[in-house]
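Structural features, examined
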Amino acid sequence: MKTMQFKTNAKCGGCVAQIGAKLNNILKEEQWSIDLKSPDRTLSVTTDLSEQAIVDAVREAGFTAQRITK
C-alpha cells in the first residue's frame with residue numbers, strides 16, 4: 001500500500017463527514033484522514049487504489065482534491 005496526500009477545499013467537520021461518506025464506500029475509515037489545521041486541508045490516504053479513484057470519490061462529495069507531490 002502507498003500513502004498519498006491531496007489538497008482539498010474542505011473547511012469544517014461537516015465537509016469531512018461528506019467526503020468521508022464517499023471515501024468509506026471504497027476505503028476503511030482508518031485508511032484516510034483530513035487535517036483541517038493544515039493550510040492545504042490535507043487528505044492523507046493509504047491504499048492500493050488509484051489516485052483518480054480518490055479524486056473521483058472526493059468530487060462525488062462535492063469537493064476538490066489535488067495530489068500533493070513531494
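Quick notes on the rules
- Residues numbered from 1 in each chain as written.
- Predicted model: local features only at pLDDT ≥ 70, side-chain atom pairs only at ≥ 80, totals over all residues.
- Heavy atoms only, no water.
- Pairing = 2+ DSSP bridges.
- Helix = DSSP H or I, 4+ residues; strand = E, 2+ residues; numbered from the N terminus.
- Axes fitted to C-alpha atoms, helices over the stretch in contact; angles between N-to-C directions.
- Contact = heavy atoms within 4.5 Å.
- Disulfide = S-S within 2.5 Å.
- Salt bridge = Lys/Arg side-chain N within 4 Å of Asp/Glu carboxyl O.
- Buried < 20%, exposed > 50% of the residue type's maximum accessible area, 1.4 Å probe, protein only.

The name given to the protein chain in an unreviewed UniProt entry is Heavy-metal-associated domain-containing protein, with the source organism recorded as Candidatus Gallibacteroides avistercoris.

Our focus in this paragraph is the sheet that holds strand β2 (residues 32–35). Across the sheet, which stays open at both edges, the 4 strands sit in the order β2-β3-β1-β4 with antiparallel pairing between neighbours. The strands lining the two open edges of the sheet, one partner per strand, are β2 and β4 (65–68). Going across the sheet, the axis of each strand differs from the next one's by a mean of 30°, ignoring polarity. Of the strand pairs in this sheet, strand β1 (residues 2–8) and strand β3 (residues 42–47) are connected by 5 bridges, and their pairing is antiparallel. In the sheet register, K2 faces β3, and the bridge partner there is T47. Of the strands in this sheet, β1, β3 and β4 are in contact with helix α2 (residues 51–60), which crosses β1 at around 35°.

Taken as a whole and assessed by the stated rule, the structure comprises 0 disulfides. Sulfur of C12: no disulfide; nearest cysteine sulfur belongs to C15 and is 3.5 Å away.

Turning next to the pattern of salt bridges. Within the structure shown, the criterion is met by 3 salt bridges. Ionic pairing is found between K7 and D40, a salt bridge with its closest N-O pair at 4.0 Å. Here K7 is found in strand β1, whereas its partner D40 is found in the loop between β2 and β3, with 33 residues between them in sequence. With a relative accessible area of 39%, K7 lands in the partly exposed category.

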